[in-house]
Amino acid sequence: MAPRFHHLKVASIARETPEAVAIAFEIPDELKDAFAFRPGQYLTLSTDIDGEEARRSYSICSAPGETTLRVGVKKVADGRFSSFVNDRLSVGDTIRVMPPEGRFTSLIGERHDYILIAAGSGITPMLSIAGTVLAHEPDSTITLIYGNRTSGTIMFLEALEDLKDRFLQRFSLIHLLSRETQDVDLFNGRIDGARIRELAARGLIDPTKADGVFLCGPGEMIDDVASTLAQLGVEEDRIRFERFTPSGEAAPARPRSAQAQKAAEQGVQIEVIVDGVRRAFPMGEGDATVLDAAHRAGLELPYSCAGGMCCTCRCRVAEGAAEMAVNYSLQPWEIEAGFTLACQTRPTSQNLVLDFDAV
């Protein structure tokens, strides 16, 4: 079933840094099953800002079993949604929230050794993963490498220190600061591949023996570190990542192929299957993607980032053919199985059927 928004009340707002807050939502009893989550998943929030709808995905920082559901929101330059949350949202307000989604999750139940590498607000899903693993796997270990500009910009510092105190033998925390000098030179600077290689060379981490290495932060950091991990011998399926920005500047969309251009010029009939119901609408040359065409037709499809990163609009090509402008989230096996991202999909056939109910 395609995800749907629910109206949730803001239970609390905690200021984590001058530029970041943690928002907690009240979950009514009738929605507790719908909002059950796995550590590392995210919520898509939606609200009206100055008369226009805006939506954004934020990772859950709660551990399963907590009484409230929390997300961390860092204010970013020119960020309409993050500025609204940090400056205008109040306790008691109601906001539209989709049930948890995302596959940036850890296995819980057995013994694991995880390395978590986060920059800035990328700590949010890591806090949930670390707290859950440490609490529910008594023999597992977590090593967290966390990069920030200064000590004053560290989100969830108190919660991280609490984890370190409670799980002294199983939780290792390495802070890297790019604009504040620390006593150990190795810990000064940004997270990048060279820094991870040096940490491994000095024996502070051993990525090759980790059950999983989780990366969350800017795209360029993820790409550089993931490449280094592969060079060090870490198997590809043990490297997990979640982007909150593409690499560097947003990658330009690939030019339309000849087939996609021909289909756009002739016009395409689109059908979507959402919650078992088929709906049809046309797509013309002026529509960049299927999601754009659906909006023009007044049809609401599941989506969040609209940038190919969050996977909220994931669907399967049931009939016809299509290509994607960019893809930051689908795995190779998903593409081979016929899955696509509606926010990036451009038909290459005159008819296209997309199934949003496919799993």
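For clarity, every value in this text was computed on a predicted model and none was experimentally measured.

Our next topic: the overall build of the chain. Helix and strand content of the chain: 8 helices and 18 strands. The C-alpha radius of gyration of the chain comes to 21 Å, within 12% of the 21 Å expected for a compact globule of 359 residues. Taken over the C-alpha atoms alone, the chain extends approximately 65 × 50 × 40 Å along its principal axes. Counting every position in the chain, which comprises 359 residues, the buried fraction comes to 53%. Within the chain, contacts between residues at least 6 apart in sequence are counted, and of these 68% link residues at least 24 apart.

One pass over the structure, following the stated rule, counts 1 cavity of 30 Å³ or more. Volume-wise, the largest cavity comes out at about 50 Å³. In this structure, the largest cavity is lined by Arg 256, Ala 260, Ala 264, Val 268, Met 283, Gly 284, Arg 346 and Pro 347. Mapped by element, the contributors of at least two residues to the lining of the largest cavity are α6 (258-266) and β17 (345-347). Here the lining of the largest cavity is built from residues that sort into 5 nonpolar, 1 polar and 2 charged.

According to the domain assignment, the chain contains domain 1 (6-101), domain 2 (113-243) and domain 3 (258-355). Using C-alpha coordinates to define each centre, domain 1 is positioned 28 Å away from domain 3. In this assembly, 8 residues from domain 1 lie in contact with 8 residues from domain 3. Overall, the association of domain 1 and domain 3 removes approximately 530 Å² of surface from exposure, summing both partners, and the carbon and sulfur fraction of that is 35%. Scanning the region where domain 1 abuts domain 3 turns up 1 salt bridge. Elements represented by at least two residues in the side of domain 1 that touches domain 3 include exactly β3 (42-49) and β4 (52-59). Among the elements that take part in the side of domain 1 that touches domain 3, β4 stands out by supplying 4 residues, more than any other. For the side of domain 1 that touches domain 3, a count of residues per class yields 2 nonpolar, 2 polar and 4 charged.

Conventions we followed
Residues numbered from 1 in each chain as written. Predicted model: local features only at pLDDT ≥ 70, side-chain atom pairs only at ≥ 80, totals over all residues. Heavy atoms only, no water. Helix = DSSP H or I, 4+ residues; strand = E, 2+ residues; numbered from the N terminus. Rg over C-alpha atoms; globule rule 2.2 N^0.38 Å. Buried < 20%, exposed > 50% of the residue type's maximum accessible area, 1.4 Å probe, protein only. Contact = heavy atoms within 4.5 Å. 1 Å grid on protein atoms, 1.4 Å probe; cavity = no way out; pocket = protein on both sides within 12 Å on 5 of 7 lines; lining within 4 Å. Points joined across faces, edges and corners; volume = space filled by probe spheres on them. Nonpolar A, V, L, I, M, F, W, Y, C, P; charged D, E, K, R; others polar. Domains from an automatic or database assignment. Buried area = accessible area lost by both parts, 1.4 Å probe. Salt bridge = Lys/Arg side-chain N within 4 Å of Asp/Glu carboxyl O.

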